[in-house]
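So you can see what is in the structure, the chains are spelled out below.
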Amino acid sequence: MMSRSYTNLLDLASGNFPVMGPVRERKRLTRVMTVPGVVSELDDDQANSVNSDVHSSVNQDRIIIVANQLPVKVKRRPDNKGWSFNWDDYSLLLQLKDGLPEEMEVLYVGSLKIDVDINEQDEVSSVLLEKFKCVPAFLPPEIFNKFYHGFCKQHLWSLFHYMLPYSANHGGRFHRSLWEAYVAANKIFSQRVIEVINPEDDYIWIHDYHLMVLPTFLRRRFNRLRMGFFLHSPFPSSEIYRTSPVREEILKALLNSDLIGFHTFDYARHFLSCCSRMLGLEYQSKRGYIGLEYYGRTIGIKIMPVGVHMEQIESALRVADKESRIHEFKQKFDGKTVLLGVDDMDVFKGVNLKLLAMEQMLKQHPKWQGRAVLVQITNPARGRGKDLEDTQAEIQESCKRINEMFGKTGYEPIVFIDRPISLAERVAYYTIAECVVVTAVRDGMNLTPYEYIACRQGVSESMSSSESNGPRKSMLVVSEFIGCSPSLSGAIRVNPWNFEATAEAMNEAISMADAEKQLRHEKHYRYISSHDVAFWSRSFFQDMERTCKDHFRRRCWGIGLSFGFRVVALDPNFRKLSIDHIESVYVRSKNRAILLDYDGTVMPQTSHNKTPNAEVISIVNRLLGDTKNTVFVVSGRGKESLDKWFSPCKKLGIAAEHGYFMRYDVLPVFAFPLLVKMVLTSELSVLQVV
């Protein structure tokens, strides 16, 4: 016998969202709660009943940023009594505040990197909310492991990076229990947002693939909510994405956002293609804006690559110079040409392909033996699994082989750093590197080239040596499969799988004349300095404002169950007619034109048997039996099929193939304008009598 908690989890996974506690009178929430709220006090009934018409008395806008992790560092106090918290200055969520309006209040919702005992969660929540305006989402360990290490890292991360699980030991196979945990985790995040949200005042900005179904949970509660979503990973082509067993659930959940952002045009194009092929949706592009029509709502599609935080890099350069790290590294690699790689330990970063390219360059161009050094910095892995273990072993073996083959006293061609390093140490390596090499086989954005360009621009200002007046120059060898590649027109682009071609590109980069390096560097720096993280944040928020400007003017209804839930938005002049009103008008009228859509009215859209049954024919004939009625069936189907199916209905008018073919026996004068309008608004404005 399954436990009650397990059956509830199954309900969540199937999209049957349970009622959270007893249904009570809806209460208005304060802008920021001083103590953690009790979620059970909030009802979770049908979304179409949630439609607050009372605007908040507080006019100041606020944005709630929701991500998997909060931008705070947490650690136990030395006395083991409580926790200490600090801002994570390197978090993108913290940096994006620079692009938001100064008067805008920012609230964060996310999880912590540590597991907090249930007895301490209330205290931690109070401290974070009061001092950091952060609302922590505490995930039970059993849900977190399946949510993050399971569905996110094994299934979504692999799928979005074009890795299909052809075998159980390769890639991440889909497991229903992992999907259930993913849904349950998103539900917990939604509960924390609901505790502090003011739906008429607040904007919601959701980040990345960890929370792709969160928009549905929030939209069910507040159908006029102003909500944006930004995906920081690639979005795969439809041929890859369609392999996911929950492909439509995720797409429909994302479409409950108002604005969906991507780093590159390719990612947005793939998403739109999936919506077209799997949901039958089409998009329109007008004046540079892309809009996707979905049940009366226009969902904006935003294409804007993220940038770096220039001030933070400049600050790190000053620290590196003060600590003499730059001088230390210049002495360490004196007389050497340094190529640099900075990557996460991940199967998609192509680190071993880079090592093979370095090996090939040393073979093909012996002049670099003893002179060229590849410094490879590898950040700790965030995922786990056999694929990652195999990748680590392969990298270690390649480093050992290359150093044994080409190394000698005082020279190692590969310097492999697989420990966490500070930003100051990293920028010190950037300043001494003649070239940065990125050979990821698939990456959402990758800001390593941007950071490198910023550091090479600041090298003369941060160093006190006689070289401070030298020209600023840099070179990049980047994979064509990473998000930043299109914006780096001066980089040498490579197919990382072709490590021989990558080797030649590396040789070309470090052999290029300084004047050419300087020209390419200047072009890159102009772009990244003007398109920093604040520019990205400001641009996204402005588009979210534009997309949501008519939210409180339109009339909205929430319909659908499970992840098929969507909001139907209609013009404020639209009036939903009652059955009683329709009946009354029908009885009083002298002439009636009745237009029946074949797929959706006469026959269900999902029906496989498209032939109308005897009951449908009987109803249509009863309508035709009233001399006051003129009845037409409107369809995109062919005239032969419709004529055959409705042959028992002698006086029935038929508009086949979207009005291209028309059949009618008696056409009253009052009905003629309706038919003309029907023809003119069809795809082909040609009238032909059958």
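Keep in mind the model is a prediction, meaning the values are calculated, not measured. (Residues numbered from 1 in each chain as written. Predicted model: local features only at pLDDT ≥ 70, side-chain atom pairs only at ≥ 80, totals over all residues. Heavy atoms only, no water.)

1. Digging into the confidence of the model for the chain
Put simply, the chain has an average pLDDT of 84, and 84% of its residues get 70 or more. The element-level mean pLDDT for the chain is lowest in strand E24 (residues 688-689), coming to 32, with strand E15 (residues 435-438) highest at 98. Below a pLDDT of 50 lies the segment residues 1-59, which in the model reaches 113 contacts outside its immediate sequence neighbourhood of four places, other chains included. Low pLDDT (under 50) marks residues 679-690, which in the prediction has 23 contacts with non-local residues, meaning those over four places away or in another chain. (pLDDT = per-residue confidence, 0-100. Helix = DSSP H or I, 4+ residues; strand = E, 2+ residues; numbered from the N terminus. Contact = heavy atoms within 4.5 Å.)

2. Considerations on the packing of helix H12 (residues 351-364) against helix H13 (residues 386-406)
Packing of H12 against H13 leaves a shortest axis separation of 9 Å and a crossing angle of 15 degrees. In this view, H12 runs roughly parallel relative to H13, as classed from their interaxial angle. Like other packed secondary-structure pairs, H12 and H13 cross with a definite hand, here left-handed. Contact with H12, carried on its side by Val351, Asn352, Leu355, Leu356, Glu359, Leu362 and Lys363, involves Glu394, Ile395, Ser398, Cys399, Arg401, Ile402, Met405 and Phe406 of H13 and no other residues of that element. (Axes fitted to C-alpha atoms, helices over the stretch in contact; angles between N-to-C directions. Parallel < 35°, antiparallel > 145°, perpendicular 65-115°, else oblique. Left-handed = near helix turned anticlockwise from the far one by under 90°.)

3. Focus: the pairing of strand E13 (residues 372-379)
Looking along a regular strand, one sees side chains alternate from face to face of the sheet. Of all eight residues in E13, seven are buried, a share of seventy percent or more. Here eight bridges tie strand E12 (residues 337-344) to E13, and the two strands are oriented parallel to one another. The residue bridging Val338 from the neighbouring strand is Val373, located in E13. Handedness of the crossover joining E12 and E13 through H12: right-handed. Summarising the sheet, E13 and strand E14 (residues 414-417) pair through four bridges and their orientation is parallel. Of the residues in E14, the one forming a bridge with Leu374 is Ile414. In the classification by handedness, the crossover that spans E13, the intervening H13 and the parallel E14 is right-handed. (Buried < 20%, exposed > 50% of the residue type's maximum accessible area, 1.4 Å probe, protein only. Pairing = 2+ DSSP bridges. Right-handed = clockwise from strand over helix to strand, strands pointing away.)

4. Quick word on helix H17 (residues 514-530)
Its 17 residues place the ends of H17 24 Å apart at the C-alpha level, agreeing with the 24 Å of an ideal helix rising 1.5 Å per residue. By the burial criterion, the buried members of H17 are Lys517, Arg520, His521, His524, Tyr527 and Ile528. Angular distribution of buried residues about the axis of H17 spans 130 degrees; they occupy a single face of the element. Relative to its buried face, H17 has exposed residues pointing more than 90 degrees away, namely Ala515, Leu519 and Arg526. (Expected span 1.5 Å × (residues − 1). Arc of directions from axis to C-beta.)

5. Here we look at the environment of Gln392
With respect to the helices and strands, Gln392 occurs in helix H13. For Gln392 and Met345, which are 47 residues apart along the polypeptide, the C-alpha to C-alpha distance reads 7.6 Å.

6. Re H13
Counted at 1.5 Å a residue, the expected span for H13 with its 21 residues is 30 Å, and the 30 Å between its end C-alpha atoms agrees. For H13, the complete set of buried residues consists of Leu388, Thr391, Ile395, Ser398, Cys399, Ile402, Asn403 and Phe406. What you see down the axis of H13 is that its buried residues fit within an arc of 120 degrees, all on one side. Among the exposed residues of H13, those pointing more than 90 degrees away from its buried face are Glu389, Lys400 and Glu404. Elements that come into contact with the buried residues of H13 comprise H12 and E14.

7. Comments concerning the sheet that holds E12
The six strands are arranged E14-E13-E12-E15-E16-E17 in an open sheet whose pairing can be described as parallel. Edge positions in the sheet fall to E14 and strand E17 (492-494), since each has one partner strand and no second. Recorded for the sheet is a direction-independent mean angle of 20 degrees between the axes of neighbouring strands. Across the face of the sheet, helix H16 (residues 499-511) comes into contact with E12, E15, strand E16 (476-479) and E17 while running at roughly 170 degrees to E17.

8. Focus on the packing of aromatic side chains
The geometry of two aromatic rings is summed up by the distance between their centres and the angle between their planes. In this structure the tally under the stated criterion is 29 aromatic pairs. Centroid distance Phe151 to Trp179: 5.5 Å. Interplanar angle 50 degrees. Geometry classified as tilted. Residue Phe151 is found in helix H4 (residues 141-160), and its partner Trp179 is found in helix H5 (residues 176-196); the two are separated by 28 residues along the sequence. There is no split in this pair, since Phe151 and Trp179 are both buried. Linked through ring pairs, Phe147, Phe151, Phe174, Trp179, Tyr182, Phe217 and Phe563 together constitute an aromatic cluster. (Phe/Tyr/Trp six-rings, centres within 6.5 Å; stacked < 30°, edge-to-face > 60°.)

9. Details of the packing of helix H10 (residues 310-322) against helix H14 (residues 423-432)
Where H10 contacts H14, the two axes come as close as 8 Å, and the packing angle between them is 85 degrees. The angle between H10 and H14 falls in the class roughly perpendicular. Contacts between H10 and H14 involve Gln312, Ala316, Leu317, Val319 and Ala320 from the former and Leu423, Ala424, Val427, Ala428 and Thr431 from the latter. Its residues assigned to classes, the contact of H10 with H14 comprises eight nonpolar, two polar and no charged. (Nonpolar A, V, L, I, M, F, W, Y, C, P; charged D, E, K, R; others polar.)

10. Re the pairing of E16
Residues Leu476 and Val478 point to one face of E16 and Val477 and Ser479 to the other, with burial holding for every one of them. The pairing of E15 with E16 spans three bridges and is parallel. Within the sheet, the bridge partner assigned to Val436 lies in E16 and is Leu476. Relative to E17, E16 runs parallel, the two sharing three bridges. Opposite Val478, over in E17, you have Arg493 as the bridge partner.

11. Digging into the pattern of salt bridges
Evaluated as defined, the whole model comprises 25 salt bridges. Note that Arg242 and Glu239 form a salt bridge whose closest N and O atoms lie 3.1 Å from each other. The residue Arg325 makes a salt bridge to Glu425 at a minimum N-O spacing of 3.7 Å. One end of the pair, Arg325, is in helix H11 (residues 325-332); the other, Glu425, is in helix H14, with 100 residues separating them in the sequence. Just as Arg325 is buried, Glu425 falls in that class too. Three or more residues are tied together by salt bridges with common partners; here these are Arg325, Glu328, Arg419 and Glu425. (Salt bridge = Lys/Arg side-chain N within 4 Å of Asp/Glu carboxyl O.)

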